[in-house]
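What follows is each chain in one-letter form.
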Amino acid sequence: MGDRAMQALYLLALDPIAETTGDPNSYGFRQLRSTADAIEQCFSTLSKAASAEWVLEGDIKSCFDRISHDWILAHIPTDKAILRKWLKAGYMEKNILHPTEEGTPQGGIISPVTANMVLDGLEQRLRDAFPQRITQGGRLISTKVNLIRFADDFVITGRSREQLETEVKPLVERFMRERGLELSPEKTVVTHISDGFDFLAQNVRKYNGKMLIKPSDKSIRSFLRKVRGVIRTSKGVAAGILIDRLNPLIKGWTMYHRHVVSAEVFKAVDNAIWHSLWRWAKRRHPHKGARWVKDKYFHQVGDRNGVFSGERTDGKGATQIVHLMRAASVPIKRHTKIQNRVNPYDPSWEVYIEERMGLKMAATLAGRRTLLYLWKRQDGRCPQCGQPITTATGWHTHHKVWRSKGGSNAISNRVLLHPTCHSQVHYR
């Protein structure tokens with residue numbers, strides 16, 4: 001615990017440096033960024049008619065386990081003596097101490113930021129070698145070389161297969177070799193956009209020139225395998241308990257994929273889960289007919305028929321009726337990508353970050369409850385000008401102690417201000 005606390009302390013100093021020097025299109029293990037931002041960047045980069053048509057899918061072999069200690073010690077700007085001790089600490093297995101001569105521990109508090117800093121610089125290296133515009137044959141053309149990275153998963157776009165295989169890939173290999181890393185020959189492939197590629201559990205592909213991003217087949221199969229495993233190991237439990245086990249899985253998977261073209265996939269997933277539950281119910285009552293099984297477990301709920309339902313007891317001992325969540329009930333909502341130069345430690349981005357946070361809050365039930373709580377706490381008035389805050393005036397969420405200056409995201413540190421008042425506060 002002491003080591004983890006020490007790492008957290010050093011991370012407070014290292015993270016602002018990592019955010020300031022990081023690649024603009026790196027989205028993993030960074031504040032305010034997510035897989036949805038990386039996927040949206042794929043859409044922005046590849047969706048246009050004139051966009052790149054070839055993609056290098058990069059896969060680093062055992063990234064966390066192979067990073068060069070010498071490179072880390074030479075380039076990570078933190079206390080070298082402490083850093084060396086963390087890297088060389090070794091690990092215990094069956095009471096035997098094993099030395100660590102390379103790599104960083106997965107699960108360490110500071111390891112994700114360290115790994116990001118090891119891989120940062122690749123985007124600039126590519127930009128230096130392949131400027132966005134070059135003159136060729138007296139004409140100005142685009143190289144179409146762009147990097148999109150999430151932690152150690154990345155894709156690089158290009159004009160042609162030859163460009164990616166003979167120019168871009170060797171550059172990436174040299175960059176990785178400097179850091180003690182290498183690309184996996186089996187998993188690092190060049191793909192045409194019409195064939196599509198999987199990235200962060202999504203499939204990115206153009207169909208007759210139209211870009212569609214959908215949940216990948218591998219992600220669908222993995223999710224259904226997990227759901228069927230829960231159903232298979234719940235033979236003796238009540239339907240209500242089974243529903244409580246399944247609903248979080250369905251919600252988590254659908255919320256991850258709700259930003260892409262998922263409506264038809266969600267319906268197909270609902271159908272597959274329904275058939276698995278029907279088999280579960282029939283096995284529990286082998287001597288009952290289909291009508292009896294349907295009446296016991298599959299009910300009419302609103303305009304929906306055949307909803308898997310059950311009973312559970314709440315904390316007060318009262319019986320509740322619960323229903324299985326329907327994946328198709330999750331609305332598809334396009335994600336608004338964060339600007340790639342945003343730095344949470346730079347005060348000039350404070351207003352943008354707060355406006356973005358307010359929009360995200362308003363889009364969720366929990367967020368709307370928080371907004372209502374803040375509005376009521378202020379008696380519905382702006383603490384800056386004293387005038388009412390309404391839907392007509394609009395509002396921004398403001399951190400009393402700015403996040404860029406160490407302020408927390410706790411409700412006690414937030415207030416609602418009119419947009420104009422918010423700008424005035426930051427201007428002063």
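Thresholds, definitions, all that
Residues numbered from 1 in each chain as written. Predicted model: local features only at pLDDT ≥ 70, side-chain atom pairs only at ≥ 80, totals over all residues. Heavy atoms only, no water. Helix = DSSP H or I, 4+ residues; strand = E, 2+ residues; numbered from the N terminus. Buried < 20%, exposed > 50% of the residue type's maximum accessible area, 1.4 Å probe, protein only. Lys, Arg positive; Asp, Glu negative; His and termini not counted. Salt bridge = Lys/Arg side-chain N within 4 Å of Asp/Glu carboxyl O. Contact = heavy atoms within 4.5 Å. Pairing = 2+ DSSP bridges. Axes fitted to C-alpha atoms, helices over the stretch in contact; angles between N-to-C directions.

**Student:** What is the right way to read the side chain of aspartate 23 from this model?
**Tutor:** Along the chain, aspartate 23 turns up in the loop between α1 (2-21) and α2 (35-46). In this structure, aspartate 23 is buried with no salt-bridge partner, the nearest side chain bearing the opposite charge being arginine 149 at 4.2 Å. Other than its neighbours up to four places away in sequence, aspartate 23 contacts Arg30, Arg33, Leu119, Asp120, Gly121, Leu122, Glu123, Gln124, Leu147 and Arg149.

**Student:** Would you take a moment to explain the pairing of strand β1 (residues 54-59) for this structure?
**Tutor:** On any regular strand, side chains alternate: one points to one face of the sheet, the next to the other face. Among the six residues that make up β1, five are buried, leaving the element largely enclosed by the rest of the structure. By the bridge criterion, six bridges tie β1 to strand β7 (residues 153-158) in an arrangement that is antiparallel. When the sheet's bridge partners are listed, aspartate 59 is paired in β7 with aspartate 153.

**Student:** Looking at this structure, how should I read unusual backbone geometry?
**Tutor:** Note on backbone geometry: most residues besides glycine have negative phi, and most peptide bonds are trans. One non-glycine residue with positive phi stands out, namely serine 62, at about 50°. Topologically, serine 62 is positioned in the loop between β1 and α3 (63-66). Assessed through its relative accessible area of 38%, serine 62 is described here as partly exposed. Its identity as a non-glycine residue notwithstanding, asparagine 208 has a phi of 55°, on the positive side. Along the chain, asparagine 208 falls in the loop between β10 (202-207) and β11 (210-215).

**Student:** Help me out: how do you make sense of the sheet that holds strand β14 (residues 319-323) in this one?
**Tutor:** Across a sheet, paired strands are connected by hydrogen bonds in the backbone, their directions being either parallel or antiparallel. Ordered by their spatial adjacency, three strands build an open sheet running β12-β13-β14, and the pairing between neighbours is antiparallel. At either margin of the open sheet sits one strand with a lone partner, and together these are β12 (298-301) and β14. In this sheet, neighbouring strand axes are inclined to one another by 55° on average, regardless of whether the strands run parallel or antiparallel. When strand β13 (residues 304-313) meets β14, the two strands line up antiparallel, connected through five bridges.

**Student:** I would appreciate a short explanation of the sheet that holds β10 in the present structure.
**Tutor:** If you trace the three strands from one edge of the open sheet to the other, you get β9-β10-β11, paired in antiparallel fashion. Each of the sheet's edge strands pairs with one partner strand only, and the pair in question is β9 (197-199) and β11. Across the sheet, the mean angle separating the axes of adjacent strands is 30° when strand polarity is ignored. As paired elements, β9 and β10 share three bridges and run antiparallel to each other. Directly across from phenylalanine 197, in β10, lies its bridge partner valine 204.

None of this, on its own, says anything about what the molecule does.
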